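Chain and residue survey
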Amino acid sequence: IDEIIPEPVGGAHRDKDLILENVKSSISNNLHYFKDKTSEEVINDRKNKFLKIGRNKGFMNNLEDLSDLNVDKKSFINIFRFKKYLIIGVFFVFILLIYLFTLL
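The structure displayed is predicted, hence computed values, not measured ones.

**A word on the overall build of the protein**
Across its full length, the protein carries 3 helices and 0 strands. The 104 residues of the protein split such that 7% are buried. Restricting the contact set of the protein to residue pairs at least 6 apart, pairs at least 24 apart contribute 12%. As displayed, the protein offers around 9,500 Å² of accessible surface, 63% of which is attributable to carbon and sulfur atoms.

Next comes the structure, spelled out in structure tokens:
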């Protein structure tokens, strides 16, 4: 989605001429943006637009350079610590179950 086209009051079917003019204007404006770009620039622009979706709070530091994929070390360490405690907990439960079964 590049733009949301406003509808006439009551919906697009109420004023077909206005909605057609709004669509025509939107298409014209959006095509004008690509007028002076090469086909490679257009493809890269569209590709980067879709690659940016959902990356505003991920591993990206710079959304303009999609090759800048850095792992947030603090988040990685927290995930590792959580998994480490989870593994240790499961190990102790397993040992406890083995001990209980040997008593039976």
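**Some points on the packing of aromatic side chains**
Note on aromatic pairs: each is described by the distance of the centres and the angle between the planes. Overall, the coordinates contain 2 aromatic pairs when judged by the stated rule. Taken together, a centroid distance of 5.9 Å and an interplanar angle of 65 degrees make the contact between Phe-91 and Phe-92 edge-to-face. What makes Phe-91 partly exposed here is its relative accessible area of 48%. Across the ring face of Phe-50, the terminal group of Lys-49 is positioned such that the distance to the ring centre comes to 5.1 Å.

**Points about the confidence of the model for the protein**
Overall, the predicted model of the protein reaches an average pLDDT of 79, with 75% of residues at or above 70. Ranking the helices and strands of the protein by mean pLDDT puts helix H1 (residues 16-33) first, with 91, and helix H3 (residues 73-103) last, with 79.

**Quick word on the side chain of Ser-26**
On the secondary structure map, Ser-26 appears in helix H1. In terms of polar contacts, Ser-26 uses its side chain to reach the side chain of Glu-3, at 2.7 Å.

**Structural notes on a nonpolar patch on the surface**
A surface patch of nonpolar side chains, amounting to about 900 Å² of accessible area, comprises Val-93, Leu-96, Leu-97, Tyr-99, Leu-100, Phe-101, Leu-103 and Leu-104. Tracing the chain through its elements places Leu-97 in helix H3.

**Structural notes on the environment of Leu-18**
By secondary structure assignment, the location of Leu-18 is in helix H1. When the C-alpha positions of Leu-18 and Pro-6 are compared, they lie 9.8 Å apart, and in sequence the two are 12 residues distant.

About the criteria used
Residues numbered from 1 in each chain as written. Predicted model: local features only at pLDDT ≥ 70, side-chain atom pairs only at ≥ 80, totals over all residues. Heavy atoms only, no water. Helix = DSSP H or I, 4+ residues; strand = E, 2+ residues; numbered from the N terminus. Buried < 20%, exposed > 50% of the residue type's maximum accessible area, 1.4 Å probe, protein only. Contact = heavy atoms within 4.5 Å. Areas by Shrake-Rupley, 256 points an atom, 1.4 Å probe, with all protein chains shown as cover. Phe/Tyr/Trp six-rings, centres within 6.5 Å; stacked < 30°, edge-to-face > 60°. Lys NZ or Arg CZ within 6 Å of the ring centre and 35° of its normal. pLDDT = per-residue confidence, 0-100. Polar contact = N/O pair within 3.5 Å; in protein donor to acceptor, adjacent residues only side chain to side chain. Patch = residues over 30% accessible without salt bridge, like charges linked within 9 Å, V, L, I, M, F, W, Y side chains within 5 Å. Salt bridge = Lys/Arg side-chain N within 4 Å of Asp/Glu carboxyl O.

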